[in-house]
Amino acid sequence: MTQGSVLIVEDDSALRHSLHSTLQALGFSVGDASNGENGLLELRQSSYDVVLLDMNMPGIGGMATCHKMREQYPRLPIIVLTVLDREEDKVRALDAGADDYVTKPFQLSELAARIRAAVRRVRTPVGEDTRALQIGDVALDPVTHRVTKHDEELHLTPKEFELLHLLMQHAGKPLAHNRLLKTIWGQEYGGEREYLRTYISQLRKKIEDDPAEPQYLLTENYVGYRFRQE
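Residues numbered from 1 in each chain as written. Predicted model: local features only at pLDDT ≥ 70, side-chain atom pairs only at ≥ 80, totals over all residues. Heavy atoms only, no water.

With respect to the pattern of salt bridges
Tallying each qualifying case throughout the model produces 11 salt bridges. Across the salt bridge formed by R70 and D99, the nearest N and O atoms sit 2.9 Å from each other. One end of the pair, R70, is in helix α3 (residues 61-72); the other, D99, is in the loop between α4 (87-95) and β5 (100-103), and 29 residues separate them in sequence. With respect to class, R70 is no different from D99; both count as buried. In this structure, R114 and E110 form a salt bridge, with 3.2 Å as the shortest nitrogen-oxygen distance. Of the two residues, R114 and E110 are both situated in helix α5 (residues 108-123); the distance of four residues between them amounts to about one turn of the helix. Look at R114 and you get buried, because its relative accessible area is 10%. Three or more residues are tied together by salt bridges with common partners; here these are R70, D99, K159 and E162. (Salt bridge = Lys/Arg side-chain N within 4 Å of Asp/Glu carboxyl O. Helix = DSSP H or I, 4+ residues; strand = E, 2+ residues; numbered from the N terminus. Buried < 20%, exposed > 50% of the residue type's maximum accessible area, 1.4 Å probe, protein only.)

Printed below as a string of structure tokens:
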């Protein structure tokens, strides 16, 4: 059994070939595509555990490709590769449906660890709590993967949904940064507090009336985050 199957969507042929040979040597089954159109075609023809997606490509581009992949494959882990390190660029990628992002240049050991974490989450069945939750005007249904506020459906990415679900399940209890990262993204995570802040910021924009004065998703200074108790 391989470590997992990875589709590399990258227009830089040298980097694509380097990633292909390195990941293959590490025990992954690897496919590749030189642009978004070919990446989408490859997903229709073969099954993959995770996608490595470059953001800066010709054709339909990485952002549009990410949107299409997320629409067509809601549970497929997408790890974005980008040279853009600005906060707004990361936010755009996450909002397009990316689960994770790695900034170029990157350490191959770090990238491989993140791929393994994504593969494990795909392959490991999780005994998911299927109870519908409602706190105030925010309602979450794990079965239908829907979140509503004032009965209006909110668009959340898969990772935003998982994060909100975890926080609502433990409403009233502070959850540490380390626990949130390890539970949602895997055991290789734990120190990426800035990374977690990006997701929390995006969630607040979607569920709070005033993200600057949150009423639901609260910060526990030096600890982590807490969803308000009913």
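Examining the side chain of H177
By the secondary structure assignment, H177 is in helix α7 (residues 177-185). Its relative accessible area of 10% is what places H177 among the buried residues. With residues near it in sequence (within four places) discarded, H177 still touches R193, L196, Y222, V223, G224 and Y225. (Contact = heavy atoms within 4.5 Å.)

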